[in-house]
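Notes for the structure review
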Amino acid sequence: METLSYERVINAPKQKIWDVIWNPETYAQWTQFFGHGSVIKSDWQVGGKTYFLNAEGEGLVSTIDTLDEPDHIIFKHLGTVDKDGNEDTRSREIMEWSGFFEKYILIDFEGRTKLHVEVQVDKDRREDMDAGFTKGLEMITKLAEGI
């Protein structure tokens, strides 16, 4: 496991950036670089359920570890979900990485906002994460700044 970090300074207030990241329409736009048709389904409760899904309905089942809108949110990934909605949080393969965190932190930065993202991944996922977050943060910036 390794922790990857990404940062971007955006000329917009924290709440606007937060809304761009988590609004269903704009979420689909910036996460398209991880996979077409990406959606998030969440009860937005600490300890509740959050699903990061692709167009086929497959993806990750997670929980919110901490939430302080619009300052930060930390997801803890628990396992996978298949296209039929079956969750796997206990298989040996899942237990090797279950508990990985994904953090979004928004910081006031000289009249702008610094968006800091950290994600824990297996080393073989680094290239995908680098490509997805590089393009994704660029899209978040364009959407938040109205470019």
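Attention here is on the structure that accompanies the text. A quick note: this is a predicted structure, and the numbers were derived from the prediction, not measured. (Residues numbered from 1 in each chain as written. Predicted model: local features only at pLDDT ≥ 70, side-chain atom pairs only at ≥ 80, totals over all residues. Heavy atoms only, no water.)

1. So, the environment of Leu106
Condition: Comment: elements are numbered from the N terminus, with helices defined as DSSP H or I runs of at least four residues and strands as E runs of at least two. For each residue, the accessible area found with a 1.4 Å probe, counting protein chains only, is set against the maximum for its type, and the residue is called buried under 20%, exposed over 50%, and partly exposed in between. Contacts are residue-level and defined by heavy atoms, with any inter-residue pair within 4.5 Å sufficient.
Looking at the secondary structure, you find Leu106 in strand S7 (residues 101–109). Classification of Leu106 as buried rests on a relative accessible area of 4%. C-alpha separation for the pair Leu106 and Ile10, spaced 96 residues apart in sequence, amounts to 10.0 Å. With residues up to four places along the chain from it excluded, the contact list for Leu106 reads Lys14, Ile17, Trp18, Pro70, Asp71, Thr113, Lys114 and Leu115.

2. Side note on the packing of aromatic side chains
For the record, the criterion: To pair, rings of Phe, Tyr and Trp, with the six-membered ring standing in for Trp, must have centres within 6.5 Å; the planes then decide the type, stacked if under 30 degrees apart, edge-to-face if over 60, and tilted in the middle. By the criterion adopted, a ring carries a charge over it if an Arg CZ or a Lys NZ lies within 6 Å of its centre and within 35 degrees of its normal.
Counted by the stated rule, this structure contains 14 aromatic pairs. With 4.9 Å between their ring centres and 70 degrees between their planes, Phe34 and Phe133 make a pair best called edge-to-face. You can see Phe34 sitting in the loop between helix H2 (24–30) and strand S2 (39–42) and its partner Phe133 sitting in helix H4 (residues 126–145), a full 99 residues away along the chain. Pairwise contacts between aromatic rings join Tyr6, Trp18, Trp22, Tyr27, Trp30, Phe34, Trp44, Phe52, Phe75, Tyr104 and Phe133 into one cluster. The residue whose ring lies beneath Lys103 is Phe101, and the NZ or CZ to ring-centre distance is 6.0 Å.

3. Remarks on H4
Quick note on the threshold: Each residue after the first adds 1.5 Å to the expected span of a helix.
Relative to the 28 Å expected for 20 residues at 1.5 Å per residue, H4 spans 28 Å between its end C-alpha atoms, a close match to the ideal helical length. For H4, the complete set of buried residues consists of Met129, Gly132, Phe133, Gly136, Leu137, Met139, Ile140, Thr141 and Ala144. Positive backbone phi, at 70 degrees, marks Gly146, one or two positions downstream of H4.

4. Side note on unusual backbone geometry
Put simply, Glu69 and Pro70 share a cis peptide bond, and its omega is 0 degrees. Relative to the assigned elements, Pro70 resides in the loop between strand S4 (59–68) and strand S5 (72–81). Phi at Trp44 takes a positive value of approximately 55 degrees, unusual for a residue other than glycine. Mapping Trp44 onto the fold places it in the loop between S2 and strand S3 (50–53). With phi around 50 degrees, Glu110 is a residue other than glycine that occupies positive phi space.

5. Brief notes about the layout of surface pockets
Note the cut-off: Of the grid points, spaced at 1 Å and generated over the protein atoms alone, those admitting a 1.4 Å probe that cannot get out make up cavities, while open sets with protein on both sides within 12 Å along at least five of seven lines make up pockets; any residue with an atom within 4 Å of a point is treated as lining. Grid points are joined across faces, edges and corners, and a volume is the space filled by probe spheres set on the points. Gly falls in the polar group here, along with every residue not listed as nonpolar (Ala, Val, Leu, Ile, Met, Phe, Trp, Tyr, Cys, Pro) or charged (Asp, Glu, Lys, Arg).
When its volume is computed, the largest pocket comes out at roughly 740 Å³. If you trace the largest pocket, you find 29 residues lining it, with Phe52, Leu60, Glu102, Arg125 and Met129 closest to the centre. Within the residue set of the lining of the largest pocket, elements represented by two or more residues are H2, S3, S4, S5, S7, strand S8 (112–121) and H4. Its residues assigned to classes, the lining of the largest pocket comprises 15 nonpolar, 8 polar and 6 charged.

6. Concerning a negative patch on the surface
So the rule is basically this: Each patch groups residues whose relative accessible area exceeds 30% and which form no salt bridge, using 9 Å between like charges and 5 Å between nonpolar side chains of Val, Leu, Ile, Met, Phe, Trp and Tyr. Each accessible area is a Shrake-Rupley result for a 1.4 Å probe, and residues are judged covered by the shown protein chains and nothing else. Every case where a carboxyl oxygen of Asp or Glu lies within 4 Å of a side-chain nitrogen of Lys or Arg is listed as a salt bridge. Two residue types count as positive, namely Lys and Arg, and two as negative, namely Asp and Glu; His and chain ends fall outside the count. A charged residue contributes its charge at one atom only: NZ of Lys, CZ of Arg, CG of Asp or CD of Glu.
Residues Glu93, Glu96, Asp122, Asp124, Glu127 and Asp128 make up a contiguous surface patch of negative charge. Looking at the secondary structure, you find Glu93 in helix H3 (residues 92–95). We classify Glu93 as exposed; its relative accessible area is 60%.

7. Re the pattern of salt bridges
All chains considered together, the criterion is met by 8 salt bridges. Its salt-bridge partner being Lys103, residue Glu118 comes within 4.0 Å of it at the nearest N-O pair. You can see Glu118 sitting in strand S8 and its partner Lys103 sitting in strand S7, a full 15 residues away along the chain. Taking relative accessible area as the criterion, Glu118 reaches 22% and is therefore assigned partly exposed. Residues joined in a network through salt bridges with shared partners are Glu2, Arg126 and Asp130.

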